[in-house]
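The chain contents come next:
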Amino acid sequence: MQVLDGKLLSLTIKQEIAQKVNEIKLNDGKTPHLAAILVGNDGASETYVASKVKSCQEVGFKSTLVRLGADVTEQELLAQINMLNNDDDIDGFIVQLPLPRHIDEQKIVQAISPDKDVDGFHPVNVGKMVQNLPSFLPATPFGILTLLKRNHIDTNGKHCVVIGRSNIVGMPMSILMARKDNPGNCTVTLCHSATVNLKEEILRADIIIAALGKPEFVTADMVKEGAVVIDVGITRIKDESKKSGFSLKGDVKYDEVAKKASFITPVPGGVGPMTVVSLMLNTLKAAENKKIVQ
Ligand code: GUN
């Protein structure tokens, strides 16, 4: 069994990005600039956004964090998005999800200019992804593809089972693994809450991508010997022994599944760091695209 070290790979890729940023600064006198809108003060969202801002600093990007109260109106949020769409200094931006219940998430995502949608959530980018056209890929699926590619994991003709159909991970992941590409070219089964015989479906997988958000859901009896196991889950569990007051649990029961897997991602240190670095790659691409347009 080999551990897929997303932390280490993300450091390597950050160094590659930093080098490109230096070249852009030298040649064009510009600095790639990512903005993030954070609504309210959800603990997990705060952590994710802080790690995105920190990564910007590490690779040499400019970053702007726009904080809005949990009681912000949809109109006010749309106005903020409009400002970022029209701000020439901003190459790309994200609106951290989830949003408070009184705000229509779809309406917000669709208000982001597709050219600045470095999360790849806008229907224009999703449509391009489906047709294998150049686009921004959602950061978590993009990070998983990079992890598979850089570890030379053969996906061609394999049976991939994705568990969970969220717009952020499961749905795009199932499309990407089915695309005629490398990584990709898999036969894909997308499992969700209405799936009958879930265990039997997962047992058929050469590649398991667990993104359902239920801690330690995937157990060894559901996993075929030699499977590649990608754990997207990252749930906070109360843990008084930790300074933060919680520990992080993946969707896979790591210790027992690791004994059967050929490759497995740890939590933390697997998919998480790859998600953040993929957002940096998308931002770099947005800055480079802007140069082509100008
Ligand atoms: N919430 C959980 N994951 C993500 C992500 O990749 N992007 C945004 N904007 N919100 C998220």
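Data block above holds the structure.
Fair warning: this is a prediction, and the values are worked out from it, not measured in the lab.

1. Digging into the overall build of the protein chain
Alright, step 1. Scanning the protein chain from N- to C-terminus turns up 10 helices and 11 strands.
Alright, step 2. Along the first, second and third principal axes, the C-alpha set of the protein chain runs to 55 × 40 × 35 Å.
Alright, step 3. Relative to its full complement of 294 residues, the protein chain shows a buried share of 48%.
Alright, step 4. Of the accessible surface of the protein chain, which amounts to about 14,200 Å², a share of 52% is contributed by carbon and sulfur atoms.
Alright, step 5. Taking the average place of the 34 positive charges on the side chains of the protein chain and the average place of its 34 negative ones, the gap between the two points comes to 3 Å.

2. A word on the sheet that holds strand E6 (residues 187-191)
Alright, step 1. Ordered in space as E1-E11-E8-E7-E5-E6, the six strands form an open sheet in which the pairing is parallel. Every other strand in the sheet has two partners, leaving strand E1 (2-3) and E6 as the edge strands with one partner each.
Alright, step 2. Bridge count for strand E8 (residues 228-231) against strand E11 (residues 263-264) is two bridges, and the pairing is parallel. In the strand pairing of E11, valine 229 is matched with isoleucine 264.

3. Thoughts on the pattern of salt bridges
Opposite charge on two side chains permits them to pair, given that their charged atoms come into close proximity.
Alright, step 1. Overall, the coordinates contain 13 salt bridges when judged by the stated rule.
Alright, step 2. With a shortest N-O distance of 3.8 Å, aspartate 181 and arginine 179 are connected by a salt bridge.
Alright, step 3. Judged by its relative accessible area of 36%, aspartate 181 falls in the partly exposed class.
Alright, step 4. For lysine 199, the salt bridge is made with aspartate 221, and the minimal N-O distance between the two is 3.4 Å. Within this pair, whereas lysine 199 is found in helix H8 (residues 198-203), its partner aspartate 221 is found in the loop between strand E7 (207-210) and E8, the two being separated by 22 residues in sequence.
Alright, step 5. Here lysine 199 falls in the partly exposed class, since its relative accessible area comes to 34%.
Alright, step 6. Salt bridges linked by common partners bring Lys14, Lys54 and Glu58 together as one network.

4. A word on the site of the ligand
Alright, step 1. Residues in contact with the ligand, as listed here, are Lys52, Val95, Gln96, Leu97, Asp119, Phe121 and Ile168.
Alright, step 2. In the environment of the ligand, a nitrogen atom lies 2.9 Å from a nitrogen or oxygen atom belonging to the backbone of leucine 97.
Alright, step 3. The side chain of aspartate 119 places a nitrogen or oxygen atom 2.6 Å from a nitrogen atom of the ligand.
Alright, step 4. Here the ligand has 280 Å² of accessible area as a free molecule, and 86% of this is covered by the chains.
Alright, step 5. Residues of the shell around the ligand, tallied by class, amount to four nonpolar, one polar and two charged.

5. Some points on empty space enclosed by the protein
Alright, step 1. Overall, the coordinates contain two cavities of 30 Å³ or more when judged by the stated rule.
Alright, step 2. Its volume calculated, the largest cavity comes out at about 60 Å³.
Alright, step 3. Around the largest cavity sit Phe93, Ile94, Val95, Leu97, Ile108, Val109, Ile112, Asp117, Asp119 and Phe121, which together line it.
Alright, step 4. For the lining of the largest cavity, the elements supplying multiple residues, two or more each, are strand E4 (92-95) and helix H4 (105-111).
Alright, step 5. With three residues, E4 is the largest single contributor of residues to the lining of the largest cavity.
Alright, step 6. Residue composition of the lining of the largest cavity, by class: eight nonpolar, no polar and two charged.
Alright, step 7. In this model, the second largest cavity occupies a volume close to 50 Å³.
Alright, step 8. Along its surface, the second largest cavity is lined by Leu34, Ala35, Ala36, Val49, Lys52, Val53, Cys56, Ser63, Thr64, Ile94 and Leu279.
Alright, step 9. At the level of secondary structure, the elements contributing two or more residues to the lining of the second largest cavity comprise strand E2 (33-39), helix H2 (43-59) and strand E3 (62-68).
Alright, step 10. If you tally residues by element for the lining of the second largest cavity, the top one is H2, at four residues.

What counts, and where the lines are drawn
Residues numbered from 1 in each chain as written. Predicted model: local features only at pLDDT ≥ 70, side-chain atom pairs only at ≥ 80, totals over all residues. Heavy atoms only, no water. Helix = DSSP H or I, 4+ residues; strand = E, 2+ residues; numbered from the N terminus. Buried < 20%, exposed > 50% of the residue type's maximum accessible area, 1.4 Å probe, protein only. Areas by Shrake-Rupley, 256 points an atom, 1.4 Å probe, with all protein chains shown as cover. Lys, Arg positive; Asp, Glu negative; His and termini not counted. Charge placed at Lys NZ, Arg CZ, Asp CG, Glu CD. Pairing = 2+ DSSP bridges. Salt bridge = Lys/Arg side-chain N within 4 Å of Asp/Glu carboxyl O. Near = heavy atom within 4 Å. Polar contact = N/O pair within 3.5 Å; in protein donor to acceptor, adjacent residues only side chain to side chain. Nonpolar A, V, L, I, M, F, W, Y, C, P; charged D, E, K, R; others polar. 1 Å grid on protein atoms, 1.4 Å probe; cavity = no way out; pocket = protein on both sides within 12 Å on 5 of 7 lines; lining within 4 Å. Points joined across faces, edges and corners; volume = space filled by probe spheres on them.

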